[in-house]
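# A structural walkthrough
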Amino acid sequence: MRYCARCGSEYQDSVVDCTDCPNHPPLVSAEEMHERGLPLPHELDQRRFVRAGVADDPVTAQVFVDVLDEHRIPLIVRPGRSGVVDELTTGNLLPWWELLVPDTEQVRAALLLEEERIQTRVYGDEAGRAAEEEELEDERARQASADNSAPPAY
């Protein structure tokens, strides 16, 4: 078999030039394709990538990417929107980021992303409660110092 080094098309040995590409470049052998570092058609990645999750902002998307990288799950991150205009004016209801993984890893990746989403929500709730408690303590301390600094009533 012979191959086009430009588009990767495969031809029978009797064909000399690529009929798929402009200017019809000459075909090369499989050995020459490998010498040039080019894959043969049957060596191309055939995985099918599907949606494992979405993120509504770039920070969450990066957290999700880190989680999937940590578990060595191949990933494609695809922005669903490309501007700063919101869905009220554009009518675009797509998520900000789609996280695509091989279909063989979809279930595992989706579970990992959901665990991370829940954990982030729990941490956010805990941080909110801690901030409210700190604010109450500060208010009590201000109130106590105001009560102690008030002149005695006669």
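Look a little higher up for the structure.
Throughout what follows, the structure given in this document is the object of discussion.

Conventions used here
- Residues numbered from 1 in each chain as written.
- Predicted model: local features only at pLDDT ≥ 70, side-chain atom pairs only at ≥ 80, totals over all residues.
- Heavy atoms only, no water.
- Core = buried A, V, L, I, M, F, W, Y, C linked by side-chain atoms within 4.5 Å.
- Buried < 20%, exposed > 50% of the residue type's maximum accessible area, 1.4 Å probe, protein only.
- Helix = DSSP H or I, 4+ residues; strand = E, 2+ residues; numbered from the N terminus.
- Contact = heavy atoms within 4.5 Å.
- Patch = residues over 30% accessible without salt bridge, like charges linked within 9 Å, V, L, I, M, F, W, Y side chains within 5 Å.
- Areas by Shrake-Rupley, 256 points an atom, 1.4 Å probe, with all protein chains shown as cover.
- Salt bridge = Lys/Arg side-chain N within 4 Å of Asp/Glu carboxyl O.
- Lys, Arg positive; Asp, Glu negative; His and termini not counted.
- Charge placed at Lys NZ, Arg CZ, Asp CG, Glu CD.
- Expected span 1.5 Å × (residues − 1).
- Arc of directions from axis to C-beta.
- Polar contact = N/O pair within 3.5 Å; in protein donor to acceptor, adjacent residues only side chain to side chain.
- Pairing = 2+ DSSP bridges.
- Axes fitted to C-alpha atoms, helices over the stretch in contact; angles between N-to-C directions.
- Disulfide = S-S within 2.5 Å.

Before going further, it helps to examine the nonpolar core. In this structure, Leu68, Ile73, Val101, Ala109 and Leu113 are the most contacted members of the largest nonpolar core, which totals 13 residues. Those elements that provide at least two residues to this core are strand 3 (49-55), helix 2 (58-70), strand 5 (97-102) and helix 4 (106-149). It is helix 2 that provides the largest number of residues to this core, a total of five residues. Ile73 has contacts with Leu68, Val101, Glu105, Arg108, Ala109 and Leu112, leaving out every residue within four places of it along the chain.

A cluster of like negative charges, contributed by Glu132, Glu133, Glu134, Glu135, Glu137 and Asp138, occupies part of the molecular surface. On the secondary structure map, Glu137 appears in helix 4.

With 13 residues, helix 2 extends 18 Å from end C-alpha to end C-alpha; this agrees with the ideal 18 Å at 1.5 Å per step. Regarding helix 2, the residues found buried are Ala61, Phe64, Val65, Val67 and Leu68. The arc enclosing the buried residues of helix 2, seen along the axis, measures out at 160 degrees, which places them on a common side. Seen from the buried face of helix 2, the exposed residues on the opposite side, beyond 90 degrees, are Val59 and Glu70. The opening residue of helix 2 is Asp57, an N-cap whose side-chain oxygen sits 3.0 Å from the backbone nitrogen of Val59.

Judged by side-chain polarity, Ile118, Val122 and Tyr123 come together as a nonpolar surface patch covering roughly 280 Å² of accessible area. Within the secondary structure layout, Tyr123 lies in helix 4.

With antiparallel pairing, the three strands of this open sheet are ordered in space as 3-5-4. Each edge of the sheet is formed by a strand with only one pairing partner; in this case those strands are strand 3 and strand 4 (76-79). Taken pair by pair, the neighbouring strands of this sheet meet at an average axis angle of 30 degrees, ignoring direction. Pairing of strand 4 with strand 5, which is carried by four bridges, proceeds in the antiparallel orientation. Across the sheet, residue Val77 finds its bridge partner in strand 5, namely Leu99. Across the sheet, helix 2 is in contact with strand 3, strand 4 and strand 5; its angle to strand 5 comes to roughly 15 degrees.

So, about the pairing of strand 5. The element strand 5 is largely enclosed, with a buried count of five among its six residues. The pairing of strand 3 with strand 5 spans six bridges and is classified as antiparallel. Within strand 5, the position partnered with Val50 by the bridge is Val101.

It is worth spelling out the side chain of Glu98 at this point. With respect to the helices and strands, the residue Glu98 is situated in strand 5. Owing to a relative accessible area of 11%, Glu98 belongs among the buried residues under this scheme. For Glu98, the residues in contact, after removing those within four places along its chain, are Arg51, Gly53, Val54, Ile76, Val77 and Arg78.

Tallied over the full model, the rule gives zero disulfides. The thiol sulfur of Cys7 is not disulfide-bonded, and the nearest other cysteine sulfur, from Cys21, lies at 3.6 Å. Counting only cysteine sulfurs, Cys4 is the nearest neighbor of Cys18, a cysteine outside any disulfide, at a range of 3.6 Å.

Note that every value here comes from positions in space, so none of it alone points to a role or purpose.
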